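Coordinate inspection notes
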Number of protein chains: 2
Amino acid sequence: MGGGTATAPMLAANRAFYRALSSGDLPAMDRLWSRERPVSCIHPGRPALSGRDAVMASWRSILTRPPAISAENPSVAAHGDIAVVLCVERAGTAVMTATNIFARSAEGWKMVHHHAGPVARPPSAPADKSRTMH
Amino acid sequence: MGGGTATAPMLAANRAFYRALSSGDLPAMDRLWSRERPVSCIHPGRPALSGRDAVMASWRSILTRPPAISAENPSVAAHGDIAVVLCVERAGTAVMTATNIFARSAEGWKMVHHHAGPVARPPSAPADKSRTMH
């Protein structure tokens, strides 16, 4: 993943996102999100939020009770100034997968989209293959 | 939301994806996914799949019983050669949100990532705001 591109800066931005999230650091979360590009966010089980005001309002609400989330196994697909970072989120026994999209700016990699959703059951369970909706 | 960029080609690619999905058209689905870039896919409730072989194997399985899914309310965030399309998916009474990422190539816009997950409850329900995990 990432080909010849050094993915360290995108991975660092991804770590900064989860650090801001789990520590309830709203200013850090605010700095992390792009001010130059359209941004959007899909929280687990929620409809999509579009625009910086709506996205930051959701973080303001969520970070009043910061969730203890850790991110594991990140991978980066680099597309020039856009990077798509996938990772597994763990919050207690809950497991989620996330798509995090970052855009390169003069101030580094800034988030433009976050989409997280629960993983229903262990990946190793073969019996639920037929239940995959799409 | 695309700014000055004409978003029609990305919206057409997004429509082509749902047409291939709901009609079980595996060759069309195969044509739709990029062969030049790293691709990945997160099906609802499932862990992430990385790489064209794994992603296409999942579609091969899913398209044997194509789900009757329609896409509504698409929006496009254009980032040069990368476009992030969000839309609402409906399959019967189930509602999902999707993040679809397309990359421009010589043969048009090709999918590099699909992430879909269920919306837990109506967006208008104010009581569940406190239940948002992140």
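Above this text is the structure in question.
Since this is a predicted model, take the numbers as computed values, not measurements. (Residues numbered from 1 in each chain as written. Chains lettered and ligands numbered in written order. Predicted model: local features only at pLDDT ≥ 70, side-chain atom pairs only at ≥ 80, totals over all residues. Heavy atoms only, no water.)

This part takes up the overall build of chain A. Assigned secondary structure in chain A consists of 3 helices and 6 strands. Relative to its full complement of 134 residues, chain A shows a buried share of 50%. A sequence separation of at least 24 residues applies to 46% of the contacts in chain A between residues at least 6 apart. About 6,100 Å² of surface is accessible on chain A, with carbon and sulfur atoms providing 53% of the total. (Helix = DSSP H or I, 4+ residues; strand = E, 2+ residues; numbered from the N terminus. Buried < 20%, exposed > 50% of the residue type's maximum accessible area, 1.4 Å probe, protein only. Contact = heavy atoms within 4.5 Å. Areas by Shrake-Rupley, 256 points an atom, 1.4 Å probe, with all protein chains shown as cover.)

Residue and element names in this part refer to chain B. Strand β6 (residues 108-118) sits mainly inside the fold: 9 of its 11 residues count as buried. The sheet contact formed by strand β5 (residues 94-105) and β6 spans 10 bridges and is antiparallel. Across the sheet, residue threonine 99 finds its bridge partner in β6, namely histidine 115. (Pairing = 2+ DSSP bridges.)

Under the fitted operation, chain B is carried onto chain A by 0.0 Å of movement along the axis and a turn of 180 degrees, and the coordinates agree to an RMSD of 0.0 Å. Viewed as a symmetry operation, the transformation between the two copies matches a two-fold axis. Taking the C-alpha atom as reference, chain B places Gly117(B) closest to the rotation axis, 3.0 Å from it. Comparing interface residues between copies, 98% of those in chain B also lie at the interface in chain A; the contact surface is shared. (Least-squares fit on C-alpha atoms with pLDDT ≥ 70 in both.)

Our next topic: the side chain of Ser105(B). Residues and elements named next belong to chain B. Inspection of the secondary structure puts serine 105 in strand β5. With relative accessibility at 16%, the residue serine 105 sits in the buried group. Within the structure, serine 105 has its side chain in polar contact with the backbone nitrogen of glutamate 107 (distance 3.1 Å). Excluding its chain neighbours within four sequence positions, the residues that come into contact with serine 105 are Glu36 and Lys110. (Polar contact = N/O pair within 3.5 Å; in protein donor to acceptor, adjacent residues only side chain to side chain.)

The next point concerns the sheet that holds strand β5 (residues 94-105) of chain A. Residues and elements named next belong to chain A. Sheet architecture is open: 6 strands sit in the order β2-β1-β6-β5-β4-β3, paired in mixed fashion. The sheet is open, and its two edges are formed by β2 (49-50) and β3 (70-79), each paired on a single side. The pairing of strand β1 (residues 40-42) with β2 spans 2 bridges and is classified as antiparallel. Note that in β2 the partner of cysteine 41 across the bridge is leucine 49. Contacts between helix α1 (residues 8-23) and the sheet are confined to β3, β4 (82-91), β5 and β6 (108-118), with β5 contributing the most and set at about 125 degrees to the helix. (Axes fitted to C-alpha atoms, helices over the stretch in contact; angles between N-to-C directions.)

Moving on to the interface of chain B and chain A. Listed as interface residues are 46 residues of chain B and, on the opposing side, 45 residues of chain A. Here chain B meets chain A over a buried area of about 3,800 Å², counting both sides, of which 66% is carbon and sulfur. Our enumeration of links across chain B and chain A arrives at 0 salt bridges. Here chain B and chain A share 8 residue pairs in polar contact (both at pLDDT 80 or more) between them. At the level of secondary structure, the elements contributing two or more residues to the side of chain B that touches chain A comprise β1 (40-42), α3 (52-62), β3 (70-79), β4 (82-91), β5 and β6 of chain B. The biggest single contributor to the side of chain B that touches chain A is β6(B), with 7 residues. A per-class count over the side of chain B that touches chain A returns 26 nonpolar, 14 polar and 6 charged. (Buried area = accessible area lost by both parts, 1.4 Å probe. Salt bridge = Lys/Arg side-chain N within 4 Å of Asp/Glu carboxyl O. Nonpolar A, V, L, I, M, F, W, Y, C, P; charged D, E, K, R; others polar.)

So far we have only geometry, and geometry alone does not tell us how the molecule works.
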